[in-house]
Amino acid sequence: MFEALSDKLSGVFDKLRRRGALSEADVGEALREVRLALLDADVALPVVRDFILKVRERAVGAEVLSSVTPGQQVVKIVNDVLIEALGGEGAVPINLNAAAPVPILMVGLQGSGKTTTSGKLALRFRDRLKKKVLLASLDTQRPAAQLQLQQLAEQAQVTSLPIVPGQTPVQIAQRAMDTARREGFDIVILDTAGRLAIDQELMNEVKQVRAIVHPAETLLVVDAMTGQDAVNTSKAFNEAVGVTGIVMTRMDGDARGGAALSMRFVTGAPIKLIGVGEKQDALEDFHPERVAGRILGMGDIVGLVEKVTETIDQAEAEKLAKRMTSGKFDLEDFASQLNQISKMGSLTGILGMLPGVGKIKDQLANANIDNKMLKRQAAIISSMTKKERKLPDLIKASRKKRIAAGSGVTVQDVNKLLKQFDDMTTMMKRMNKLGQKGLMRQGMGALMPQRQMPGNRRPF
Ligand SMILES: Nc1nc2c(ncn2[C@@H]2O[C@H](COP(=O)(O)OP(=O)(O)O)[C@@H](O)[C@H]2O)c(=O)[nH]1
Ligand SMILES: [Mg+2]
């Protein structure tokens, strides 16, 4: 599903290659796909609508940086808005800013992962913050529920409230707080019962508990698989008990996590943690940028665009592209191109950030392009005379030997470089014939080594 989406998006974005400001039409077409992508990622409909509006506002009229395609620019805007919508401030810690014992209330539907997450949280507080934690199960619905939490507490090496059969959730909550106060606990985690769907009885129960314990945090636990229900669920819980933070579980599965956006949109509460497995250490801080990438099913385009703008000398890049299209590209230009590429760091790293690169990953691995090779190639070219760089055909056996010796490589390496340059100029000629689809519009793609890349479909 991931692959399909990023391919779809790169399909649309490939079409958007004109320079200058983004037009309404460019953006409109891209946004249709983004809309489908969000729905595909289980983002709820009203949230999608609001989101698309925000992107449109920001994208129409935006300038396209000369080293990225308009498509990439749109993706960056989409990504930026998405990260903001997910709570751009980054990981928000659990609020423990209250008098001890600090009560934390876990709410959510049945099976969402409340009990598991309670155990994970207890372990985290004990381990990282050296807190004395009390776990209490208010789940009187299922006979085994309190035992489940007791076992998790043992695993996490924290105390669990002794089970007293017949007590109501409110009575258990009261007892938990009393015990914690008396025995000097820092934190009390109250795990509540869920239901298969929202019902009034459940909400009343949670409300009563909340009124007694005044939680510092009311964490809504949701399964990342939740689709359109996310809006109703979070609305109901938020209205009843006031959600202060969201925990997304099962992010280890292949759900894309669009529910995060819906929940955040409805409650305004930050997503604080994500569950990434059944084990007790499988709890991570929430990073909006990672989840944004996951929702869009894109590689780290933002990272790429930022890196490109940071390191690429745009004027130089344009000059190179021009020389390519005019067929005047020589080894001097090639060296300059290598320099630009090596400035961006590991080439495979850069390519790994690109969307739709999954398909060609193996070929990339085989291509074996790395910084060392770039440096070696630059060294070879710098051992050539000016004349040789302009007219590579001059370079025959004796010159090759001299160049190899000068740059500390073998004659074979020199041959390889010349062959690569040759392939590249051939490719350029072919691409120039394609006219409109020529190199200028390829932007950064024009800077990439043409060797061993599949077809003429540039990843940029
Ligand atoms: N893969 C995975 N499973 C989880 C995660 N969180 C919870 N689970 C599993 O989901 C099931 C229900 O969890 P539980 O905590 O009992 O849900 P509750 O009804 O809300 O208390 C259990 O089998 C858990 O092991 C997670 O982040 N990843
Ligand atoms: Mg439970």
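Now for a quick tour of the structure. (Residues numbered from 1 in each chain as written. Chains lettered and ligands numbered in written order. Predicted model: local features only at pLDDT ≥ 70, side-chain atom pairs only at ≥ 80, totals over all residues. Heavy atoms only, no water.)

Observations regarding the nonpolar core
Ranked by internal contacts, the top residues of the largest apolar core, which has 68 residues, are Leu86 and Met248. For this core, the domains that each give at least three residues are domain 1 (2–89) and domain 2 (102–286). Leaving out residues up to four positions away in the same chain, Leu86 has contacts with Ala260, Leu261, Arg264, Ile271, Phe286, Pro288, Val291, Ala292 and Ile295. Among the nonpolar cores identified, the runner-up in size contains 20 residues, and Phe125, Val133, Ala156 and Val247 belong to it. (Core = buried A, V, L, I, M, F, W, Y, C linked by side-chain atoms within 4.5 Å. Buried < 20%, exposed > 50% of the residue type's maximum accessible area, 1.4 Å probe, protein only. Domains from an automatic or database assignment. Contact = heavy atoms within 4.5 Å.)

Focus on helix α9 (residues 229–241)
Look at α9: 18 Å from first C-alpha to last across 13 residues, which is about the 18 Å you get at 1.5 Å a residue. Three or more residues of α9 are buried, namely Ala230, Val231, Thr233, Ser234, Ala236, Phe237, Ala240 and Val241. Looking at the buried positions of α9, the neighbouring elements they touch are α3 (45–59), β1 (102–107), α8 (200–213), β5 (217–223) and α10 (258–267). One or two positions beyond α9, positive phi appears at Gly242, with a value near 70°. (Helix = DSSP H or I, 4+ residues; strand = E, 2+ residues; numbered from the N terminus. Expected span 1.5 Å × (residues − 1).)

Here we look at the pairing of strand β7 (residues 271–275)
Taken across its five residues, β7 has five buried, putting it largely inside the fold. As paired elements, strand β6 (residues 245–249) and β7 share three bridges and run parallel to each other. Across the sheet, residue Val247 finds its bridge partner in β7, namely Leu273. Since β6 and β7 lie parallel, the crossover through α10 that links them has a hand, and here it is right-handed. Bridge count between β7 and strand β8 (residues 283–285): three bridges; the pairing is antiparallel. Directly across from Gly275, in β8, lies its bridge partner Leu283. (Pairing = 2+ DSSP bridges. Right-handed = clockwise from strand over helix to strand, strands pointing away.)

Focus: the site of ligand 1
As a structural note, the neighbourhood of ligand 1 is formed by 17 residues, with Gly111, Thr115, Thr116, Arg250 and Asp252 the closest of them. In this structure, Gly113 approaches ligand 1 through a main-chain N or O atom, which is 2.9 Å from an oxygen atom. Measuring from an oxygen atom of ligand 1, one finds a side-chain N or O atom of Glu278 at 3.0 Å. With the chains in place, 82% of the 570 Å² that ligand 1 exposes on its own is no longer accessible. Of all the cavities here, the one that holds ligand 1 is the largest pocket. (Near = heavy atom within 4 Å. Polar contact = N/O pair within 3.5 Å; in protein donor to acceptor, adjacent residues only side chain to side chain. Areas by Shrake-Rupley, 256 points an atom, 1.4 Å probe, with all protein chains shown as cover. 1 Å grid on protein atoms, 1.4 Å probe; cavity = no way out; pocket = protein on both sides within 12 Å on 5 of 7 lines; lining within 4 Å. Sits in = over half its atoms within 2 Å of the grid points.)

Here's the deal with the packing of helix α5 (residues 114–129) against helix α6 (residues 145–156)
Here α5 crosses α6 at 25°, and the two axes come no closer than 9 Å. In terms of axis orientation, α5 runs roughly parallel to α6. In this structure, the crossing between α5 and α6 has a hand that is right-handed. Across from Thr115, Thr116, Ser118, Gly119, Leu123 and Arg126 in α5, the residues of α6 making contact are Gln148, Leu149, Leu152 and Ala156. Here the contact of α5 with α6 is composed, by residue class, of four nonpolar, five polar and one charged. (Axes fitted to C-alpha atoms, helices over the stretch in contact; angles between N-to-C directions. Parallel < 35°, antiparallel > 145°, perpendicular 65-115°, else oblique. Left-handed = near helix turned anticlockwise from the far one by under 90°. Nonpolar A, V, L, I, M, F, W, Y, C, P; charged D, E, K, R; others polar.)

With respect to the sheet that holds strand β4 (residues 187–191)
Spatial ordering of the open sheet is given by β3-β2-β4-β1-β5-β6-β7-β8, a layout of eight strands whose pairing is mixed. Bordering the open sheet on either side are β3 (159–160) and β8, each of which pairs with just one other strand. Where strand β2 (residues 133–137) lies against β4, five bridges are found, and the strand directions are parallel. Bridge assignment links Val133 to a residue of β4, and that residue is Ile187.

Topic: the pattern of salt bridges
Taken as a whole, this structure holds 12 salt bridges when the rule is applied. The salt bridge partner of Glu84 is Arg58, with a shortest N-O separation of 2.9 Å. With Glu84 in helix α4 (residues 70–85) and Arg58 in helix α3, this pair connects stretches of sequence that are 26 residues apart. For Glu84, a relative accessible area of 45% corresponds to the partly exposed category. As a salt-bridge pair, Glu217 and Lys272 come within 2.4 Å of each other at their nearest N and O atoms. Of the two residues, Glu217 is situated in strand β5 and Lys272 in strand β7; the sequence distance between them amounts to 55 residues. Residue Glu217 is classed as buried on the basis of its relative accessible area of 1%. (Salt bridge = Lys/Arg side-chain N within 4 Å of Asp/Glu carboxyl O.)

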